[in-house]
Amino acid sequence: MVDFRVLLCLFVATSALQAGAQESGLDAPPYNATAVCSGGDRAVGFISGVASGDATQDAVIIWTRFQPADENGTYQIGYVVSTDPSLSPVVANGTLTARPDSDFTVKQDITGLQPNTTYYYAFRQGDYSSHLGRTRTLPALDQDVSRLRYVILSCANWGYGFFNVRETLIPPREIYTLTDYQQRMRLYKTDPSLQELHRRVPMYAIWDDHDQADNSWKNGSYNTFDAQAWQRRKTNSDLAYKQYMPVRETQGADMFALYRSFTYGNMATMVLPETRMEYRTEQVDPMKHPYIQTLEQNDPDKWDSLPQLPDLRKSYIDYLHSPNFTQLGPQLNTVEQDFSASKAAGVPWQIFCTPTIFSPRRTPDIETAIDERYGRLVNYVLDGFLNFATGNLATEQLKFGGSARALIGTGKYHDTMFTDSWDGYEYEREELLKIFANSTNHAVVVTGDSHNAWASNLYSDMIRYTPNATVSDQGPILGVEFATASVTAPGTESYVEVIKVGDVLGLMSRGLFLSNPELVYANLKDRGAIILTTTKDEMKGDYYFVTTIEESSYKPDCQKSLTVVAGQMDKGLQNSTCTPADDILFTFYSSQDRLPQGATLTTPAFQGTSVSNCGASDSTPPFIAVTFSNPQGDSGQEDCSGVFDCARSTVSGWFG
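Residues numbered from 1 in each chain as written. Predicted model: local features only at pLDDT ≥ 70, side-chain atom pairs only at ≥ 80, totals over all residues. Heavy atoms only, no water.

Chemist: Could you give an account of the nonpolar core, with specific residues and numbers?
Modeler: Counting residues in hydrophobic clusters, the biggest one holds 79 residues, and the most contacted among them are Phe123, Val446, Phe482, Met539 and Tyr543. The element contributing the most residues to this core is strand 11 (residues 145–154), with six residues. (Core = buried A, V, L, I, M, F, W, Y, C linked by side-chain atoms within 4.5 Å. Buried < 20%, exposed > 50% of the residue type's maximum accessible area, 1.4 Å probe, protein only. Helix = DSSP H or I, 4+ residues; strand = E, 2+ residues; numbered from the N terminus.)

Pasting the structure below:
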């Protein structure tokens, strides 16, 4: 019986630099992130850490980046893989070439490995070597697995806090060129907590829009409309992502293909489809539909008496169900094939990984929520809410899309405006529900993207036309969804900060439960992750949050635990007891850490070498000096001291 404890799922690894970018003047990098030593010399060596990912039964990707003194040359990087942290005996070794066009990143698919085996690895270039990395292959397909534990992480934005300040480090325009994307990746990879996580477990990652641009789709994004400009930007983001992430690249004509599938012994099968760059059609703009326009153009007191409104609403809902709107395309068939084979093999759990929220996320029913709390004062409070929210009801746009009047209206009738998620791709969602019904033993969706934490039951018949429907109108439960909060990126709490009236967050939370009867749990304000523990009998999700991201000192806090029991999918998610922190988490370098004692980020893997020229005995890793440049040509240098604290010299992470 295998206890498979540490694997990690990562969705939406980074967040794009967002502001009102113009298509002109974007050839120059917006900033230059350079690692320097405490004495001011430019850092040389393996300053970006190591990583592994996409582990299978007999292979795993290993990755690193070497920072040379001269960025005009090429460098030979040696690697060694062993079953022992001393790196002897050698299981695999070889040499890779670090080139300027790949920003001196290298990665290798190490094959011919044994199932369910821990391996250690490291890289070397001359007098420099990386610190020690640890990874593990998956159990054999017929191997009996007693437990699988993995973590869901999403949306880490450097500028909003420690990967555990609130000042934004990034300059005020979007990234565009290959150098831009490489610089951002280079910056993120210097975070010590991220480096510590990467070197302990294999990562299974899939990108989302902010790895490219806001609300990206196959032929454009929120603010990139020119086809040739988008193709360049799309290609640049794809190259940088694959250069810097330990993902196994799909062989074939389509460079943007990234579908992968993994099976953990006889316990679970996980699929990671690509949902942005290949097949995603442009998101529906709700504000252009006659139903939403009618809500906007009429006084809320008149909505119920408008004779055309029911038909307009039905046409809007039917429009969102059009088969012309796709994210998966032919990947639907691949998902069905992989899940069908898993079910036939008797694997109890089938896990569908998707970057965006899968369950409906209808606009919160604020009107009813206010009515419940304030009774006869509902109209007065609602008018105040709308006026404080926007000032001009018909035209003012809230940060999360749509005017206040349109949002209140769709909330009243329990409709959606969040069409970048699966709400805008209803046809494929219903096709996936059919797959869950026919081709899985127990279907579980894991996701991120929204920056908030959720849990939902997935019903066979998602509500279409009936306002105020209940779960009894939706048929049997076919699966469940665990949706993680962000690592640092702000959530709903930041969107309602402008509304200075009453408990807006509480009203919004209540409104969401009214509009979305599938919803079991929601946290709209905290940053954290979900730790999923899977056995043959149940899959349990512990929702852990951190008390702060604004400083490196914090405490982990489990606020909710939910479980789905094998053979009881009809009951959906059930309340459970949080796994004690001492049983599920450990501190880096503690006695529970599976890396050897003393194997810190400044400890080279090979004797007689240094991780960087800052000195092997230096307990402070190189820090980042950032030179900013804006379109007007002004520039300034931030040495990352004080409020930015971008040296990130304190390891602030815990791991389960």
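Chemist: Lay out the environment of Asp423 with the relevant residues and their values.
Modeler: One can find Asp423 in the loop between helix 9 (404–412) and helix 10 (426–439). Sequence-wise, Asp423 and Phe358 are 65 residues apart; in three dimensions their C-alpha atoms are separated by 7.6 Å. Discounting residues that sit within four places of it in the chain, Asp423 has contacts with Leu320, Ser359, Pro360, Arg361, Arg362, Thr416, Phe418 and Arg429. One polar contact links Asp423 to Arg429, side chain to side chain, over a distance of 2.9 Å. (Contact = heavy atoms within 4.5 Å. Polar contact = N/O pair within 3.5 Å; in protein donor to acceptor, adjacent residues only side chain to side chain.)

Chemist: Requested: an account of the state of the cysteines, with residues and values cited.
Modeler: Summed over the entire model, instances satisfying the criterion amount to one disulfide. At a sulfur-sulfur separation of 2.2 Å, the disulfide partner of Cys558 is Cys578. Every disulfide takes its handedness from the sign of the S-S torsion; for Cys558 and Cys578 that torsion is -75 degrees, giving left-handed. Pair noted here: Cys558 is in strand 22 (residues 556–565) and Cys578 is in the loop between strand 23 (574–575) and helix 13 (581–584), with a separation of 20 residues, a long-range link. (Disulfide = S-S within 2.5 Å.)

Chemist: Give me the packing of helix 7 (residues 366–374) against helix 12 (residues 504–515): which residues, what numbers.
Modeler: Between helix 7 and helix 12, the shortest axis-to-axis distance is 8 Å and the interhelical angle comes to 115 degrees. Of the two elements, helix 7 crosses helix 12, and the hand of that crossing is right-handed. Residues Ile366, Thr368, Ala369, Ile370, Glu372, Arg373 and Tyr374 of helix 7 form the contact with helix 12, whose own contacting residues are Gly506, Leu507, Met508, Arg510, Gly511 and Leu514. Of the residues that constitute the contact of helix 7 with helix 12, the class distribution is seven nonpolar, three polar and three charged. (Axes fitted to C-alpha atoms, helices over the stretch in contact; angles between N-to-C directions. Left-handed = near helix turned anticlockwise from the far one by under 90°. Nonpolar A, V, L, I, M, F, W, Y, C, P; charged D, E, K, R; others polar.)

Chemist: Lay out the packing of aromatic side chains with the relevant residues and their values.
Modeler: What the rule picks out here adds up to 17 aromatic pairs. Plain terms: the ring middles of Tyr121 and Phe123 are 6.3 Å apart, the flat faces sit at 85 degrees to each other, and that makes the pair edge-to-face. Like Tyr121, the residue Phe123 is buried in the burial classification. Taken together through their ring pairs, the aromatic side chains of Phe46, Phe66, Tyr75, Phe104 and Tyr128 make up a single cluster. (Phe/Tyr/Trp six-rings, centres within 6.5 Å; stacked < 30°, edge-to-face > 60°.)

Chemist: Lay out the side chain of His289 in plain terms, naming residues and giving numbers.
Modeler: Along the polypeptide, His289 turns up in the loop between strand 14 (268–272) and helix 4 (290–297). Under the relative-accessibility criterion, His289 is labelled buried at 11%. Within the structure, the side chain of His289 is placed 3.0 Å from the backbone nitrogen of Tyr291, a separation counted as a polar contact. Non-local contacts of His289, meaning those with residues more than four positions away in its chain, are made with Leu312, Ser315, Tyr316 and Tyr319.

Chemist: Break down unusual backbone geometry for me, with residues and values.
Modeler: Geometrically, the link from Ser88 to Pro89 is a cis peptide bond, its omega value of 5 degrees lying close to zero. Its identity as a non-glycine residue notwithstanding, Leu87 has a phi of 65 degrees, on the positive side. Even without glycine at this site, Asp103 takes up a positive phi of about 55 degrees. By the secondary structure assignment, Asp103 is in the loop between strand 6 (90–98) and strand 7 (105–110). Take Asp103: its relative accessible area is 5%, and that puts it in the buried class.

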